[in-house]
Structures are given as structure tokens and as C-alpha cells.
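Listed below are the residues making up each chain.
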Amino acid sequence: MTSKPLAAVLFDLDGTLADTAIDLAAALNQLLLEEGRAALPEAVIRPHVSHGTPALLGCGFGIDPQHPNFATLRLRLLALYEATIPGKTTLFPGIEALLQLLEAHAIPWGVVTNKPAFLTDPLLKGMQL
């Protein structure tokens, strides 16, 4: 059996390629405080980061997308997060070396994410990716 070379490698952005949890947690906590609620520990928020704003607002406010305030809170959360990009986001340990290895072997790589492009593009640019 012969092995085929990789055609490409695709990474999920939040929680796989980059550790965005600290910045998303800060944005959610700022929103919670604006709404008169207590901030949450980052460890409570972190597991929800990869699942987008519905999960973050569910974690912080106990609401789902059908809630009447969901759209307003979502827009504010995204604005708070956007204002900090790239913030304290970093690549996970070993990812930089992996990307260098892929590039050294001319293996294309890319990012697949549920994060809107208006947030993803400046984040990747700010991280020099």
C-alpha cells in the first residue's frame, strides 16, 4: 500500500488553531457586567467558545436564539469582541511548528470556522497568518 501526499490541511479556528477563549470570555464578561450580571470564570466560558455566539450567550445568559433579547445581545457581544482583535489570542502550543512544517512541504492549509468573516479576517491578519 502506498500513501498519498496530503492535498491540504484545514483547521478549525476557535479551540483548535488559535486559543481565542480569553478574548471571547472577556467580551462575554464585559457584556454580562453591562447587563448587570456577574462575570463568569474563564474556565466556565472556555468550553463554549468553539460553538459560537449561541453557546456563549447560552452560557452567560441562559438564553437561546429564540429569546427576544438574543439578537441585541449577540450584536453587542460581537462588537465588544471585534474591538479587541487580535487581543490576547495565540496559537495553541505546537501549531506554529506544524504550520511551518506544512509550508516547508508545500502542503496548503486553511481555516474553517463558524466565526463571521468580519471577525476572522482581522484576527488572522493580526496574528500574521
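Just so it is clear, the model here is predicted, and its values are computed rather than measured.

Criteria and cut-off values
Residue indices begin from 1 for each chain and proceed along its sequence in written order. Confidence filtering applies because this is a predicted model: local features only for residues at pLDDT of at least 70, side-chain atom pairs given and counted only at 80 or more, and all residues used for totals across whole chains, interfaces and linings. Working from all heavy atoms in the structure, the side-chain values ignore hydrogens and water. Whether a residue is buried, partly exposed or exposed follows from its accessible area with a 1.4 Å probe, protein chains only, as a fraction of its type maximum: under 20%, in between, or over 50%, in that order. We count a stretch as a helix when DSSP gives it H or I for four or more residues in a row; a strand needs E for two or more, and each element gets its number in order from the N terminus. The directions from the helix axis to the C-beta atoms form the arc being described. Each reported salt bridge corresponds to a side-chain nitrogen of Lys or Arg within 4 Å of a carboxyl oxygen of Asp or Glu.

### Regarding helix α6 (residues 117-126)
Taken together, the buried positions of α6 are occupied by Leu-119, Thr-120, Leu-123 and Leu-124. All buried residues of α6 project into a common sector of 115° when viewed along the axis, lining one side. Within α6, the exposed residues directed more than 90 degrees away from the buried face are Asp-121 and Lys-125. Of the residues flanking the end of α6, it is Gln-128, one or two places downstream, whose phi is positive at about 60°.

### Thoughts on the pattern of salt bridges
Per the stated rule, a full pass over the model turns up four salt bridges. When the shortest N-O distance is used, the salt bridge between Arg-76 and Glu-34 registers 2.6 Å. Highlighted residues: Arg-76 in helix α4 (residues 70-82) and Glu-34 in helix α1 (residues 21-34), separated in sequence by 42 residues. In this structure Arg-76 comes out as partly exposed when scored by relative accessible area, which is 35%. Through salt bridges that share partners, Asp-19, Glu-42 and Arg-46 make up one connected network.

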